[in-house]
Amino acid sequence: MSVPQPDNPAQPWDTRHHSVQGPAKARNQDWSDVEYTPDGALLLAVADGHGSAAHPLSHLGARYAVDVFKLCAAQFATRARAAGDGAGGGLRRLWADAHDRMPRELVRIWQDWVVDRHTPADGEEHRTGPALLRAHGTTLIGAVLTEGLFVAWQLGDGDLMVVHPDGTVAQPLTPEQAELGDETESMCSRQAWDLVRVHWAPISDPARLPRLVTLSTDGLSNSFAARDGFIRFVRELDQRINTEGLAAVGDALPGWLGRAGSYSGDDTTAVVASLKRPAPAPMETED
Amino acid sequence: MSGMLDNGAQLTTDTGDEVSVAGMLGAGGQGEVYRVKTPTDDKALKWYYPACATPEQRSIVEGLVGRDFDDDRFLWPHAFVTGGKHGGFGYLMDIRPDRFKGLPALFRRQLRTSPLALITAGLNMVEAYQALHSRGIAYRDISWGNIFFDPDNGDILVCDNDNAVSEGDSTGISGTMEFMAPELVRGDPAAVPGTQTDLHSLSVLLFMLLMNHHPLKGRAELEIRCLDEAAEKRLYGKRPMFVFDPVSDSNRPDPVEHGTVLATWAAAPPILQKLFTQNFTEGLHDGTRRVRETQWRHALSEVRDTIVVCAGCGRQNMTEPRSATPGICWSCNRVLVLPPRLLVTTLRPKVERNLRLRRAAKVYAHHLHAEPARHRYDSASLVAELVEHPQKPGKYGLTNRSQENWTTRRADGTDQQVAPGQSVPLRAGLEIQLGSSARAVVSAT
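Please read all numbers here as calculations on a predicted model, not as lab measurements.

**Some points on the packing of helix α5 (residues 195–211) of chain B against helix α8 (residues 259–267) of chain B**
Two quantities define a packed helix pair, namely the angle between the axes and the distance from one axis to the other. Residue and element names in this part refer to chain B. Following both chains from N to C, one finds α5 and α8 inclined at 95°, their axes separated by 9 Å at the closest point. As the angle between them shows, α5 and α8 are arranged roughly perpendicular. Counting all contacts with α5, which are made through Phe207, Leu210 and Met211, the residues of α8 involved are Thr260, Val261, Thr264 and Trp265.

As structure tokens, then:
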């Protein structure tokens, strides 16, 4: 079942995340997580281990990527809070932080974890340096939602989707040019920090917070014949949360992901963060 | 939208025009940028975040608008704008055409470009900032975030000009840390952002454009795991070390992680390596030793004129402008074949320029002037062009694309007029009087 977070009225977001193993896969190489920091920042992350023969340890790489993201993002959220307390220069510095420091720290710490935590199994090929990183290759999408700021980072494929207060659906990290074939940018790429795309959105008015943010691996969007279908899915997801509530949508999420995986053949993972909304009206029954 | 302004929001310019918000284009460290409809056409509107919408910033923007600066290399503030539900202000500028791309796309290897376009972009950047400096304006925030270039031809656009103020004035902005002069990073008491510190930022920008890497990020940076402010200050201010410092190899590029800069540096001609080395060794500690715009301009112009195409693989290669020694192609490792050289000499004052007559080589108006105001590489500035004979493949001539007659000397010593549109066959020793301002000689080496 999808993983709900305990309800806390001080936290403006309801979240769910779930992952389904691809039908032809020996193991699920995706990983995801959702976490609130003690000072109320919401951290969302999803990673998609590459999974092919060249990346036999990518399930670990994906898990490290999500955990490293949570570590770095929590520190970023603390810096964001401090910047918000200062004048405009703080925001400017934070912008540079988001675009330069964060990508470097994410990649560097992930590389360190891969090297430090690697214990070759019996009979496993001996790998070091770039070959070891490649074996753990993974994508990463992560987001921080904190007071006055929404920032997201993406390396490789997958989708960050945002539903704005007026109901419009945006895909702010979709590259201008689609990647070709199955090759994707990766945490194991050379100078991978240069490949990280950043979505930067200060929120000057709480009424302008996005009402839905989703992060998903490409197993989900690839299950649609066309991009429009995926965008429609996100729009309908938002509408169903309105009418049925996130709990009901969260219960249905594993089934949707399973069906998507049966079309794409890939592991399929989604993280959903929905701005808390009024409870849906109770359904009227005949009796 | 989740930005500060709604679609359809009505705002007012300082001249009383109504503008209407038509969508968000992006967000930065100081504000958001929107497409707006004005009575005449669509423009871009930069709208400041409340924390950045200070009286000081307002005064700067109003001052910039009042300058009425008209230069196609800048997205300069045209009109001051106020309004919105919560107050606030911003300014109008032209919309950046799609052909202009940011440097991050270059770093991500997502752009198809060429050494010719990159060198042209570098030269245009130098001349653009020089144009500001010559008006007594310091930009103060030169960085990859504020510049865009056309990967096809090297045209540039300088954006976010709202921190540019007169030398000596204050904006409260001291730049982006990795582009800041070391004395500003350290916070030296006497250090203030100005044209002198802009020169450091400009050299960093050129290095990143041409080498695809930061000049101070070598092994020392790789060892940093927490790139916090203290670490950045150490890297860029307290202990800055050029990755190709000729004396110390302590911050050399890592052969695995930094393969790109090792390759691009090896492909750069010594004239550029020397300037970068000067700027990032002596210039790190002594602002007066920084490479000036005129030096960059001269070097980049010469390098652009002497780019040659490898006969083996067809890739463009930068060569040492005044050297007759062919280098090795950066792509296929074959020895380059240097095409003939055109030595252009201006008459008064006398300045020599070397152009390699590569396929479709062009001579522009600025080649005929000792101190051109600006290097323009457009068709309107074309003076001469190397063309292949239509009936004799492999035979080349120089076609007069100017408005003036040329004079050449035949082998028998008599003069020959070359009218606009006519060509003169190329041969070693050919002398051409290029109108009234310059003459040229073709050399085989």
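**Points about the interface of chain B and chain A**
Facing 47 residues of chain B, the contacting portion of chain A comprises 36 residues. In total, about 3,400 Å² of surface goes out of reach between chain B and chain A, with carbon and sulfur atoms giving 44% of it. Inspection of the chain B/chain A interface yields six salt bridges. In this structure, Lys217 of chain B and Asp100 of chain A form a salt bridge, with 3.6 Å as the shortest nitrogen-oxygen distance. Elements that contribute at least two residues to the side of chain B that touches chain A include exactly α6 (219–222), α7 (229–238) and α8 of chain B. Here the side of chain B that touches chain A is built from residues that sort into 17 nonpolar, 15 polar and 15 charged.

**Quick look at the domain arrangement of chain B**
Domain annotation of chain B identifies domain 1 (10–93), domain 2 (101–297) and domain 3 (339–443). Computed over C-alpha atoms only, the centres of domain 1 of chain B and domain 3 of chain B are separated by 46 Å.

**Brief notes about the nonpolar core**
If you look at the biggest cluster of nonpolar residues, it comprises 144 residues, and the most contacted ones within it are Phe76 of chain A together with Phe207, Leu272 and Phe276 of chain B. Discounting residues that sit within four places of it in the chain, Phe207 of chain B has contacts with Asn212, His213, His214, Pro215, Phe242, Val243, Phe244, Val261, Trp265, Phe276 and Phe280 of chain B. Formed by 22 residues, the second largest nonpolar core is a distinct cluster that contains Leu42, Ala143, Phe150 and Val271 of chain A.

**Let's talk about the pairing of strand β3 (residues 30–36) of chain A**
In summary, the side chains of a regular strand alternate between the two faces of the sheet. Residues and elements named next belong to chain A. Most of β3 is tucked away, with five of its seven residues classed as buried. Across seven bridges, the pairing between β3 and strand β4 (residues 42–48) is antiparallel. Residue Asp30 lies in a different strand from β4, and its bridge partner there is Asp48. In sequence, β3 turns back onto β4 through a hairpin of five residues, with Gly40 there showing a positive phi of about 95°.

**Let's talk about the confidence of the model for chain B**
All names here are of chain B. Here chain B averages 91 in pLDDT, while 97% of its residues score no lower than 70. The secondary-structure element of chain B with the lowest mean pLDDT is strand β11 (residues 165–166), recorded at 62, while helix α9 (residues 270–279) shows the highest, at 98. Here the predicted complex carries an ipTM of 0.81, next to a pTM of 0.87.

**Considerations on the pattern of salt bridges**
Applying the stated criterion across every chain yields a total of 39 salt bridges over all chains. Its salt-bridge partner being Arg409 of chain B, residue Asp415 of chain B comes within 3.2 Å of it at the nearest N-O pair. Residues joined in a network through salt bridges with shared partners are Asp100, Arg104 and Arg108 of chain A together with Glu178, Lys217 and Glu221 of chain B.

**Examining the packing of aromatic side chains**
One pass over the structure, following the stated rule, counts 23 aromatic pairs over all chains. Their ring planes at 45° and their centres at 5.2 Å tell us that Tyr48 of chain B and Phe89 of chain B sit as a pair that is tilted. With a gap of 41 residues between them, Tyr48 of chain B in strand β4 (residues 42–48) and Phe89 of chain B in strand β6 (residues 89–93) connect regions that are remote in the sequence. Both rings, one in Phe242 of chain B and one in Phe244 of chain B, keep their centres 5.9 Å apart while their planes meet at 75°; by these two values the pair is edge-to-face. In this structure Phe244 of chain B comes out as buried when scored by relative accessible area, which is 12%. Every member of this aromatic cluster is reached through a ring pair, and the members are Phe207, Phe242, Phe244, Trp265, Phe276, Phe280 and Trp296 of chain B. Its end group placed over the ring of Tyr64 of chain A, Arg117 of chain A keeps NZ or CZ at 5.7 Å from the ring centre. One Lys or Arg, Arg117 of chain A, reaches over the ring of Trp113 of chain A and ends 3.7 Å from the middle of that ring.

**Concerning the side chain of Ser203 of chain B**
All names here are of chain B. Inspection of the secondary structure puts Ser203 in helix α5. You can call Ser203 buried: its relative accessible area is 0%. For Ser203, the contacting residues outside a window of four places in its chain are Phe276, Asn279, Phe280 and Trp296.

**Digging into the pairing of strand β23 (residues 438–443) of chain B**
All names here are of chain B. With burial as the criterion, only one face of β23 is covered, namely that bearing Ala438, Ala440 and Val442; the residues Arg439, Val441 and Ser443 on the opposite face remain uncovered. Note: strand β22 (residues 431–434) against β23, four bridges, orientation antiparallel. Paired with Ile432 across the two strands is Ala440, which belongs to β23. Between the antiparallel neighbours β22 and β23 lie three residues, among them Gly435 with a positive phi of about 70°.

**Considerations on unusual backbone geometry**
All names here are of chain B. The step from Arg348 to Pro349 runs through a cis peptide bond, and the omega angle for that step is -10°. Position of Pro349 relative to the elements: it lies in the loop between β14 (341–346) and β15 (352–356). For Asn212, which is not glycine, the phi torsion reads 60° and is therefore positive. Here Asn212 shows up in the loop between α5 and α6. One non-glycine residue with positive phi stands out, namely Ala360, at about 60°.

**Points about the packing of α5 of chain B against α9 of chain B**
All names here are of chain B. Interaxial distance between α5 and α9 falls to 10 Å at its minimum, and their mutual angle equals 140°. The angle between α5 and α9 falls in the class oblique. Two packed elements cross with a definite hand, and for α5 against α9 that hand is left-handed. Two secondary-structure elements touch here, α5 through Leu199, His200, Ser203, Leu206, Phe207, Leu210 and Met211 and α9 through Leu272, Phe276 and Asn279. When its residues are assigned to classes, the contact of α5 with α9 shows seven nonpolar, three polar and no charged.

**Some details on the sheet that holds strand β7 (residues 101–102) of chain B**
Remark on secondary structure: sheet strands pair via backbone hydrogen bonds, oriented parallel or antiparallel. Residues and elements named next belong to chain B. An order of β7-β9-β10 is seen for the three strands of this open sheet, with the pairing classed as antiparallel. At either margin of the open sheet sits one strand with a lone partner, and together these are β7 and β10 (156–158). Bridging between β7 and strand β9 (residues 147–149) involves two bridges; their strand directions are antiparallel. Looking at β9, one finds that Gly102 is bridged to Phe148. Its contacts with the sheet put helix α3 (residues 115–134) on β9 and β10, and the angle it makes with β10 is roughly 35°.

Definitions and limits used
- Residues numbered from 1 in each chain as written.
- Chains lettered and ligands numbered in written order.
- Predicted model: local features only at pLDDT ≥ 70, side-chain atom pairs only at ≥ 80, totals over all residues.
- Heavy atoms only, no water.
- Axes fitted to C-alpha atoms, helices over the stretch in contact; angles between N-to-C directions.
- Helix = DSSP H or I, 4+ residues; strand = E, 2+ residues; numbered from the N terminus.
- Parallel < 35°, antiparallel > 145°, perpendicular 65-115°, else oblique.
- Contact = heavy atoms within 4.5 Å.
- Buried area = accessible area lost by both parts, 1.4 Å probe.
- Salt bridge = Lys/Arg side-chain N within 4 Å of Asp/Glu carboxyl O.
- Nonpolar A, V, L, I, M, F, W, Y, C, P; charged D, E, K, R; others polar.
- Domains from an automatic or database assignment.
- Core = buried A, V, L, I, M, F, W, Y, C linked by side-chain atoms within 4.5 Å.
- Buried < 20%, exposed > 50% of the residue type's maximum accessible area, 1.4 Å probe, protein only.
- Pairing = 2+ DSSP bridges.
- pLDDT = per-residue confidence, 0-100.
- Phe/Tyr/Trp six-rings, centres within 6.5 Å; stacked < 30°, edge-to-face > 60°.
- Lys NZ or Arg CZ within 6 Å of the ring centre and 35° of its normal.
- Left-handed = near helix turned anticlockwise from the far one by under 90°.

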